[in-house]
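A look at the structure
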Amino acid sequence: MSAVLKDQTSSTMPRAAAGTYLLEAEGIMKGFPGVIALAGVQLKLRPGTVHALMGENGAGKSTLMKIIAGIYQPDEGQIRVKGERVVLHSPLDALQKGIAMIHQELNLVPFTTIAENIWIGREPLNKLGFVDHAELFRRTRELFDRLHIDLDPEEQVQHLSIANRQMVEIAKAVSYDSDVLIMDEPTSAITEKEVEHLFAIIADLKAQGKGIVYITHKMVEVFNIADDISVFRDGHYITTKPASELDRDKLITLMVGRELTQMFPKTTVPLRDVVLDVRSLSRQGVFSGVSFQLRGGEILGFAGLMGAGRTEVAETIYGMYPASGGEIYVNGKRVEIKSPRQAIDAGLALLTEDRKASGLFLVLPVLENMEIASLPGFLGRLGFVRQRTVSEECEKLRQSLRVKTPSLYQIIENLSGGNQQKALIGRWLLTKPKVLILDEPTRGIDVGAKAEIYKLISELAADGVAIIMISSEMAEIIGMCDRVLVMHDGHVTGELKRDELTQEAILHLASD
Amino acid sequence: MSTVVTNPKALVAKARRLPPELSILFVLLGIAVIFEVLGWIFNGQSFLFNSQRLVIMILQVSVIGLLAIGVTQVIITTGIDLSSGSVLALSAMVAASLAQSADVARPVFEGLGGLPVFIPVVAGLLVGTVCGLINGSLIAATGIPPFIATLGMMVTARGLAQYYTHGKPISQLSDSYTAIGAGAMPVMIFLMMAVVFHIALRYTKYGKYTYAIGGNMTAARVSGIDVKRHLITVYTIAGALSGLAGVVASARAASGQSGMGLSYELDAIAAAVIGGVSLAGGVGRITGTVIGALILGMMTSGFTFLGIDAYIQQIVKGVIIVVAVIADTYRSKRKI
Ligand SMILES: Nc1ncnc2c1ncn2[C@@H]1O[C@H](COP(=O)(O)OP(=O)(O)OP(=O)(O)O)[C@@H](O)[C@H]1O
Ligand SMILES: [Mg+2]
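So, how was this worked out
Residues numbered from 1 in each chain as written. Chains lettered and ligands numbered in written order. Predicted model: local features only at pLDDT ≥ 70, side-chain atom pairs only at ≥ 80, totals over all residues. Heavy atoms only, no water. Helix = DSSP H or I, 4+ residues; strand = E, 2+ residues; numbered from the N terminus. Rg over C-alpha atoms; globule rule 2.2 N^0.38 Å. Buried < 20%, exposed > 50% of the residue type's maximum accessible area, 1.4 Å probe, protein only. Areas by Shrake-Rupley, 256 points an atom, 1.4 Å probe, with all protein chains shown as cover. Lys, Arg positive; Asp, Glu negative; His and termini not counted. Charge placed at Lys NZ, Arg CZ, Asp CG, Glu CD. Near = heavy atom within 4 Å. Polar contact = N/O pair within 3.5 Å; in protein donor to acceptor, adjacent residues only side chain to side chain. Nonpolar A, V, L, I, M, F, W, Y, C, P; charged D, E, K, R; others polar. Domains from an automatic or database assignment. pLDDT = per-residue confidence, 0-100. Contact = heavy atoms within 4.5 Å. Expected span 1.5 Å × (residues − 1). Arc of directions from axis to C-beta. UniProt positions renumbered as here; feature names shortened; annotations may be inferred. Salt bridge = Lys/Arg side-chain N within 4 Å of Asp/Glu carboxyl O. Pairing = 2+ DSSP bridges. Axes fitted to C-alpha atoms, helices over the stretch in contact; angles between N-to-C directions. Core = buried A, V, L, I, M, F, W, Y, C linked by side-chain atoms within 4.5 Å.

1. What about the overall build of chain A?
For chain A, the helix and strand inventory stands at 18 helices and 20 strands. Computed over its C-alpha atoms, the radius of gyration of chain A comes to 24 Å, within 12% of the 24 Å expected for a compact globule of 512 residues. Seen through its principal axes, chain A has C-alpha atoms that stretch 70 × 55 × 55 Å. Looking at chain A as a whole, 56% of its 512 residues are labelled buried. Of the roughly 21100 Å² of accessible surface on chain A, a fraction of 50% belongs to carbon and sulfur atoms. Each charge class in chain A was averaged separately, 57 positive and 67 negative side chains, and the resulting centres sit 5 Å apart.

2. With respect to the site of ligand 1
All names here are of chain A. By nearness alone, 22 residues border ligand 1, and Asn57, Ser62, Thr63, His217 and Asn414 come closest of all. Separating an oxygen atom of ligand 1 from a side-chain N or O atom of Asn57 is a distance of 2.6 Å. Here Gly417 contributes a backbone N or O atom positioned 3.2 Å from an oxygen atom of ligand 1. In the complex, 94% of the free accessible area of ligand 1, which totals 640 Å², lies under the protein chains. Contributions of two or more residues to the shell around ligand 1 are made by β2 (35-45), α2 (61-68) and α15 (417-429). Counting residues per element, the shell around ligand 1 draws most heavily on α2, at three residues. A class-by-class count of the residues in the shell around ligand 1 yields six nonpolar, twelve polar and four charged. Split by domain, the shell around ligand 1 shows at least three residues from each of two domains, domain 1 (1-95 + 218-254) and domain 4 (361-431).

3. Some thoughts on the confidence of the model for chain A
Of the residues in chain A, 95% reach a pLDDT of 70 or more, and the chain-wide mean stands at 88. Across residues 1-16 of chain A, confidence stays below pLDDT 50; counting only partners more than four residues off in sequence or on other chains, it has 23 contacts.

4. A closer look at helix α7 (residues 192-207) of chain A
Residues and elements named next belong to chain A. A rise of 1.5 Å per residue sets the reference length of α7, with its 16 residues, at 22 Å; its end C-alpha atoms lie 23 Å apart and thus fit the reference within 8%. Within α7, burial applies to Glu194, Val195, Leu198, Phe199, Ile201, Ile202 and Leu205. Down the axis of α7, the buried set is contained in an arc of 160°. They therefore lie on one face. Along α7, the residues that are exposed and aim more than 90 degrees away from the buried face are Glu192, Lys193, Glu196 and Ala207.

5. Concerning the side chain of B:Asn216
Relative to the helices and strands, B:Asn216 resides in the loop between α9 (205-215) and α10 (217-222). The buried category is assigned to B:Asn216, whose relative accessible area is 12%. From its side chain, B:Asn216 meets the backbone oxygen of A:Ala357 in a polar contact 3.1 Å long. Within polar-contact distance, the side chain of B:Asn216 engages the backbone nitrogen of B:Ala219 at 3.1 Å. Each residue touching B:Asn216, except ones within four places of it in the same chain, is listed here: A:Lys356, A:Ala357, A:Ser358, A:Gly359, A:Leu360 and A:Phe361.

6. Details of the UniProt feature "domain: ABC transporter" (unreviewed entry) in chain A
When the UniProt feature table is mapped onto this chain numbering, "domain: ABC transporter" (unreviewed entry) sits at residues 23-259 and 269-509 of chain A. Taken end to end, residues 269-509 of chain A has its terminal C-alpha atoms 27 Å apart, with 34% of it in helix and 25% in strand.

7. With respect to the pattern of salt bridges
Considering all chains together, one arrives at 26 salt bridges over all chains under this definition. Here B:Lys208 makes a salt bridge to A:Glu371, at a shortest N to O gap of 2.5 Å. Pair noted here: B:Lys208 is in helix α9 and A:Glu371 is in helix α13 (residues 366-371), and the two residues belong to different chains. Classification of A:Glu371 by relative accessible area gives buried; the value is 0%. With its nearest N and O atoms 3.6 Å apart, the salt bridge here joins A:Glu452 to A:Lys422. Note that A:Glu452 is positioned in helix α16 (residues 447-462) and A:Lys422 in helix α15, a separation of 30 residues in sequence. Given the relative accessible area of 7%, A:Lys422 is considered buried.

8. Some thoughts on the sheet that holds strand β11 (residues 274-283) of chain A
All names here are of chain A. The strand order across the open sheet built from four strands is β12-β11-β14-β15, with neighbouring strands paired in antiparallel fashion. Of all the strands in the sheet, just β12 (287-295) and β15 (333-335) have a single pairing partner and so form its edges. Mean inter-strand twist for the sheet, computed between neighbouring axes without regard to direction, equals 20°. In terms of strand pairing, β11 meets strand β14 (residues 325-330) through five bridges, oriented antiparallel. Opposite Asp277, over in β14, you have Tyr329 as the bridge partner.

9. Digging into the nonpolar core
Counting 194 residues, the largest nonpolar core has A:Ile229 and A:Phe292 as the members making the most contacts within it. For this core, the element with the highest residue contribution is helix α11 (residues 227-253) of chain B, accounting for 13 residues. Each residue touching A:Phe292, except ones within four places of it in the same chain, is listed here: A:Leu276, A:Asp277, A:Val278, A:Leu300, A:Phe302, A:Ile317, A:Ile468 and A:Leu485. Core analysis: the next-biggest nonpolar cluster, separate from the first, contains 36 residues, A:Ile149, A:Ala163, A:Ala171 and A:Leu205 among them.

If you want it as C-alpha cells, here you go:
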C-alpha cells in the first residue's frame, strides 16, 4: 500500500534535487513494549519551508520527532542532514547537527529564571568560571528583542502563565540558531495573540532559509502556515503533498482513513430538572457574581479569553478553592463543597485544563489513572478494592473511548497525548457524575478523537448528565453548546442561546 | 499494510519488560555466589551453607527490614523518614522500662512490679505511632519538607531516649518479653509485616492512594484524595513500624539502650532504594525492599565472614547505595 503512495508522492512533490533537503528521514522504525510506534516512515524537509506533520493521536508523530532530535534511537532507518548521513545518539548530538526541538510537554525548570532556562548547559562564564549573569541576561534581552517577546529575563519561570512558558520554550529553541526546528504542538496552550506572534517568528525563520517541522491538531493553522504536509496513520507513512493540493476534508480523510461525516453530532435532548444551581458565586479578587442554572441533558459552554476566570469558577465549584461568597445547590439542595472529595460525592466531576500538572499520574499504569477517583465506590471489606469489578469497568470504558494502549497495565506516560486525555475522561465517567465539568476537553486531541469525544458528550447529555464545557475553541463552543456564558475579567458579560451563537457575538462579549 | 513492516514481531518481542524485582533478585543471588566462591578460596568453607551465619544475618535484617517497610511507603509518597532509627531507640527504652521482671533495680518507675507482656509491647508501639503522627502532622499542616520534619524527630527522639534513663541501660527483662526476640520470632514478625503491607499497597484503597500521591500530588487532590490526611496516615504507619522494631530489638537484646538503632534509618532507606523504590515517588514495592534489605544484610555478613575491616565495609556500603540511586535516576531518565 505505502509503496504505491510513495510513488504518487514523488510525482506531486515539488522536486528537490538530491542533497538539497535540509533533513531526510527514511525507513524509520521504532518499537516500544507491545507497540510498534513507527513502521517505516519518511519525512523530507526542504529549506525555507514549514512542513506540517499530521496524524491522529498515537500516529507516531512525536516519536519520529524525538528520533530526529536524538532522544530516541530508531530500530531501523536512516537520517540525513543536508545529504549527509548522521547517527544521533543524544539531544546534544542533534543540536550540534543543527536540529532543535520544542517539546509537546513543557520542560522548563520552575525555580530558576527565564534566562537560566534558555541558556541551560551553555551559560556564558566569566574569568573565574562562574556564570556571568549580566551577560546571561543581556543575551536573553537581545534574543527577546529580536523575537519581540515582552518578558523579563530575570523573572522566575514558576510565575509565568502556561502561554508565556511556551513562548520561553520557543525562544529557547530559536536561540540554538539551528537549521531545523521541530515544533510539537506549540500552540496547544497559548492564546490567539501568541499564536500570531509565533507565526511571525516562523515566517522570519523561513525567510532565513531554515526548515520547520510543525505538528498540530488545529486544521486552521496547518493551512495557514504549512508549505508541505505529511500524513502518518498508525505508525505508517501515508503521503506527502504540497499544502496547496489539499483542503481540510481531504486532509482529514487521509488522517483518519475514512470520511468524517459529522464533526459535531449535537442532538437536541429534552432538558430535565435543574441539577446545578450556582448563585452569585465569588472568589475575592478573581471573579464575582457568577450565577447560572444547569439542567440535566444540557451542555452549557463557558467562553472567554484566557484569564477571564472560567477555570477558576470551575475549580471553586469543585471545591479546590474556598469561595468568598455565594451558594451552590445540587438537585435543589444546598451543598457546602469544601474539597474535591465532597464535590465527587455530590455528583460533580472536573476534567482539569492542564493534563500533566493536575490530571495524570505519569508513572502509574492506565488502570490506576482511571480508577483512582472512583475507588470509594468499589470497596470491599477492610478497604480492599474490588479489583476485578473496577478493572472490568475500566476495560469497558477503554474500549468505548477507544483509548489506544496495549493494555490497562501500560504506564500512562507511554501513551500519546490524546490517548492520555481519553483515559482521563474515562476516570471521570467512572464516577458516574451528574454534572461533568470539562475544561478544554479536546486540547491536543486529533480530529477523529475530537469527533468521538463530541459524540460521547452528546450521548452523556442524552443520558441526562449536565455538562459544563469550558473552551477556547470557538468551533466546539458553537458546535456543541445549548447555551453559552461568556466571561471577561472575572464577570459573566452575557449569555447566548444556541440560535444566537456566532463567533462575532462571543468575541464581542468576551472582549468588552 | 504489513508490507512495510519487516519484522514487527521482533520489535514487539524485545519489548516485554520483566518485573523490576527480578533484576534485584539476580543481584542478590550474584552476591551470594561471589561470597560462596570467595569463602571456599580464602576461608576454605561455605558461606551459604552455615545455618548459624544465615540465622544471624536474617535476624539482623529483620529489624532494619521493619524500618524499611515503613520508609518504603513514605518514599513512595515522595517523602523521607530520617527518624526511624531514633524512634526505634525511644520505643525500645519505653517498652523495656515496662518489661522488667519483678523485683529488679529499675531506672524508671521505681518499685513497679512485673507487668503483663502486652503492656510494654503496646507502649512501644504507641510511642512509635505518636512519633509518626507528629512527623505526619508537621509535614501535612505546616508544609515543611519531610526531610526537615523527620530530621527534627530524629534528633529529638534520640534525645528523649537518652534523657529517659539519663543514659542508663535497662536490663533484666521478663522472659515472656524476651520471647518476642527469641528464635525465629523477629523473622516471623518481619515477614508478616512485609506480607501485610505488600498486600495493603497493592490491593487496598490505602495503597492506591499512596502511589497516587507520589505520582502527582495535585492530581491526587483533584481525584478526591484527602492528601494531608493520607500523608499523616503513612507517616504514622511508618512510626508504628519503628515502634515495633524497637520492641523486637529490645526483646532480642534483652535490654533497652538509648544507642540502639543508630543510623539504622540510613540502612532502611538504602534497602528501599536498592530495592527499586524511586526517590521521585510513585514507584516501588515491598518485595523489592525486602530483597534490598537482604542484599545489605548479606553484604555485612559476607564481609564479616571474610574478615574484612568494618570501616571498609562501611565504604563499600556507601558505594552500593550511590550506585543504586544512580540506577534509579537512570531508570527514570530513560523514560523521557
Ligand atoms: N516511551 C514509550 N513507551 C511505550 N510506548 C510508547 C512510548 N512513546 C510512544 N509510545 C507509543 O507509540 C505510539 C506513538 O506515539 P506518539 O507519541 O509518537 O504519537 P503522536 O502521533 O505524537 O500522538 P499525539 O498527537 O497524541 O501527540 C503510541 O501508541 C504510544 O502509545
Ligand atoms: Mg505527540
